[in-house]
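What follows is each chain in one-letter form.
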Amino acid sequence: GAGVSQSPSNKVTEKGKDVELRCDPISGHTALYWYRQSLGQGLEFLIYFQGNSAPDKSGLPSDRFSAERTGGSVSTLTIQRTQQEDSAVYLCASSLVRGGAGELFFGEGSRLTVL
Amino acid sequence: DAKTTQPPSMDCAEGRAANLPCNHSTISGNEYVYWYRQIHSQGPQYIIHGLKNNETNEMASLIITEDRKSSTLILPHATLRDTAVYYCIVSPGYSTLTFGKGTMLLVSP
C-alpha cells in the first residue's frame, strides 16, 4: 500500500522490558512525526524529523524514549525500561513539508500494553 | 494552554448537516485553522484547513468568522461513517500540530 505503515500493530510487554516500534512513511515524504494517544485522551506530540535536520525532540516525556530515522525514511521509536504509564497507541505520521502546511498522513498506530 | 475550545460531544441525524464549532479567540495572524478527524481505532485523517477565507473541498466546508476568533466545520450530509472525533487545531503553517481532545460527533440513523 501507499500509506504510512506501522509495526507491530499490537505489542504486549512486561514492565522493565525495552520495545521498538517501527514506522515506514509514504515514499518521498520528508517530514515524519511520532505521537502517542493514551486511552480517552488526545494526541501527544513526541518527536519530529525533517530531512537531514536535527530532530525536534521537545515532546519526548523522558530519557527512556528515543527515536531515529535512517536514510531519511524508516523510523524506529524505542522505549527503554517500559512502565505501565507508557501503555498507549503510538501513531506515526508523515508529510511532504513541515507542519500543517503539509497534510499529515497517519498510520494505524502501534498499540502498546505494558503489564 | 489550549488554543481552541470545542464541545466534547455532538449528535447529528443521518442526512442532515453537521455543524461543528470551534473557538480560537487568541489566534495569531499567521496561524491557520486545521480540522482533522479520527474514526475509532484509526489514525487521524486530514479534512480541511484555512487562514482567512472560507474553504470547501469534497469532504467539508470551513467557515471562519471575519475576526477569525471562531470557525465552523460543516459536513453537509452526515453519514454514519462520519461518526468520529473531530479536532480543530490552530497553528502556524511551519509548526508541529498540537491535537486537543476534540468533539465526538455521533451520527445516528
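Data block above holds the structure.
Basis of the calculations
Residues numbered from 1 in each chain as written. Chains lettered and ligands numbered in written order. Predicted model: local features only at pLDDT ≥ 70, side-chain atom pairs only at ≥ 80, totals over all residues. Heavy atoms only, no water. Helix = DSSP H or I, 4+ residues; strand = E, 2+ residues; numbered from the N terminus. Rg over C-alpha atoms; globule rule 2.2 N^0.38 Å. Buried < 20%, exposed > 50% of the residue type's maximum accessible area, 1.4 Å probe, protein only. Contact = heavy atoms within 4.5 Å. Buried area = accessible area lost by both parts, 1.4 Å probe. Salt bridge = Lys/Arg side-chain N within 4 Å of Asp/Glu carboxyl O. Polar contact = N/O pair within 3.5 Å; in protein donor to acceptor, adjacent residues only side chain to side chain. Nonpolar A, V, L, I, M, F, W, Y, C, P; charged D, E, K, R; others polar. Core = buried A, V, L, I, M, F, W, Y, C linked by side-chain atoms within 4.5 Å. Pairing = 2+ DSSP bridges. Axes fitted to C-alpha atoms, helices over the stretch in contact; angles between N-to-C directions.

### A closer look at the overall build of chain B
Along its length, chain B carries 0 helices and 9 strands. Listed by position from the N terminus, the elements making up chain B come as β-β-β-β-β-β-β-β-β. At 13 Å, chain B has a C-alpha radius of gyration in line with the 13 Å of a compact globule built from 109 residues. Dimensions of chain B, computed from the C-alpha atoms along their principal axes, are close to 40 × 25 × 20 Å. Put simply, chain B has 109 residues, and 45% of those count as buried.

### Let's talk about the interface of chain B and chain A
In this complex, chain B contributes 17 residues to the contact, which on the side of chain A involves 20 residues. Each partner contributes to the roughly 1,400 Å² buried at the junction of chain B and chain A, and carbon and sulfur atoms together form 51% of this total. The three residues of chain B that bury the most area against chain A are B:P44, B:T96 and B:F99, which together make up 32% of that side's buried surface. Counting across the chain B and chain A interface gives 0 salt bridges. Counting the contacts that link chain B with chain A gives 4 residue pairs in polar contact (both at pLDDT 80 or more). Looking at the side of chain B that touches chain A element by element, the count peaks at 3 residues for strand β3 (residues 31-38) of chain B. Looking at side-chain class alone, the side of chain B that touches chain A contains 8 nonpolar, 8 polar and 1 charged residues.

### Considering the nonpolar core
Within the largest apolar cluster, 21 residues are counted, with the highest numbers of intra-cluster contacts made by B:L20, B:W35, B:L73, B:L75, B:Y86 and B:L105. When residues of this core are traced back to their parent elements, those giving at least two are β2 (18-23), β3, β4 (45-50), β6 (61-64), β7 (70-75), β8 (84-92) and β9 (103-108) of chain B. Looking at this core, the element that brings in the most residues is β8(B), giving 4 residues. In this view, B:L105 contacts B:M10, B:D11, B:C12, B:A18, B:L20, B:L75, B:D82, B:T83, B:A84 and B:Y86; residues no more than four positions away in its chain are not counted. A:W34, A:I47, A:L77 and A:I79 belong to the second largest nonpolar core, which has 20 residues in total.

### A short note on the pattern of salt bridges
All names here are of chain A. This structure, assessed with the given rule, holds 5 salt bridges over all chains. Residue R36 is joined to E44 by a salt bridge in which the shortest nitrogen-to-oxygen separation is 2.8 Å. A salt bridge links R64 to D86; its shortest N-O distance comes to 2.8 Å. Here the residue R64 occupies a position in the loop between β5 (43-50) and β6 (65-69), and D86 occupies one in the loop between β7 (75-79) and β8 (88-95), the gap between them amounting to 22 residues. Assessed through its relative accessible area of 12%, R64 is described here as buried. A relative accessible area of 1% places D86 in the buried class.

### What about the sheet that holds β7(A)?
What holds strands together in a sheet is hydrogen bonding between their backbones, with the strands either parallel or antiparallel. Residue and element names in this part refer to chain A. On the basis of which strands lie adjacent, the open sheet formed by 4 strands has the order β1-β3-β7-β6 and antiparallel pairing. Of all the strands in the sheet, just β1 (5-7) and β6 have a single pairing partner and so form its edges. Recorded for the sheet is a direction-independent mean angle of 15° between the axes of neighbouring strands. By the bridge criterion, 3 bridges tie β1 to strand β3 (residues 19-24) in an arrangement that is antiparallel. Note on β3: the bridge partner recorded for Q6 is C23.

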